[in-house]
Amino acid sequence: MTPEGRVKLAVKRELVARDIWYYMPVQNGLGQVGIPDFVCCWRGRFLAIETKAPGKLGNVTPNQRRVLDELKLHGAATVVVDNVNDLISFLEAIDE
């Protein structure tokens, strides 16, 4: 499994543990470019989560940044994580 794959697996486990609905769009080149790895709904909030390999937070592509910014503009909570602890902090901040 790739380093990013391990982050995705940890994110999935955390989402399941918190009973957060999520969808992972299939990246096959036929859909919209830049869609986040996880599209979620939790307690009436739209969440978008982009995952990166540890230490690679700076590798967000321009298309990914554009989509995250557009989603945020429309009220979504967005985050880019390279470890599950950052996701937990993000979720706890929303929950406050």
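The structure displayed is predicted, hence computed values, not measured ones. (Residues numbered from 1 in each chain as written. Predicted model: local features only at pLDDT ≥ 70, side-chain atom pairs only at ≥ 80, totals over all residues. Heavy atoms only, no water.)

Draft legend 1. Looking closely at the pattern of salt bridges. All told, the structure shown has 7 salt bridges when counted by the stated rule. Of the charged contacts, one joins K8 and E4 as a salt bridge, the two residues approaching to 3.6 Å between their closest N and O atoms. Of this pair, K8 and E4 both sit in helix α1 (residues 3-17), 4 residues apart, which is roughly one turn of that helix. Relative accessible area serves as the criterion here: at 24%, E4 is assigned to the partly exposed category. A salt bridge links D95 to R43; the shortest N-O distance between them is 2.0 Å. Taken as a pair, D95 in helix α3 (residues 84-95) and R43 in the loop between β2 (38-42) and β3 (45-51) lie far apart in primary sequence, 52 residues in all. For D95, a relative accessible area of 40% puts it in the partly exposed group. (Salt bridge = Lys/Arg side-chain N within 4 Å of Asp/Glu carboxyl O. Helix = DSSP H or I, 4+ residues; strand = E, 2+ residues; numbered from the N terminus. Buried < 20%, exposed > 50% of the residue type's maximum accessible area, 1.4 Å probe, protein only.)

Draft legend 2. Structural context of the environment of D37. As for its position among the elements, D37 is in the loop between β1 (21-23) and β2. Given the relative accessible area of 9%, D37 is considered buried. Separated by 45 residues in the primary sequence, D37 and D82 have C-alpha atoms spaced 12 Å apart. If we skip the residues at most four places from it in the chain, D37 touches E4, K8, Y23, M24, P25, I49, E50 and T51. (Contact = heavy atoms within 4.5 Å.)

Draft legend 3. Fine view of the sheet that holds β2. Taken in spatial order, the 4 strands make up an open sheet running β1-β2-β3-β4, and their pairing is mixed. Sheet topology places β1 and β4 (77-81) at the edges, where each strand pairs with a single neighbour. Across the sheet, the mean angle separating the axes of adjacent strands is 20 degrees when strand polarity is ignored. In this structure, β2 lies alongside β3, joined through 5 bridges in antiparallel fashion. Bridging across to β3, W42 finds its partner in R45. Those strands touched by α3 are β2, β3 and β4, and its axis lies near 160 degrees from that of β4. (Pairing = 2+ DSSP bridges. Axes fitted to C-alpha atoms, helices over the stretch in contact; angles between N-to-C directions.)

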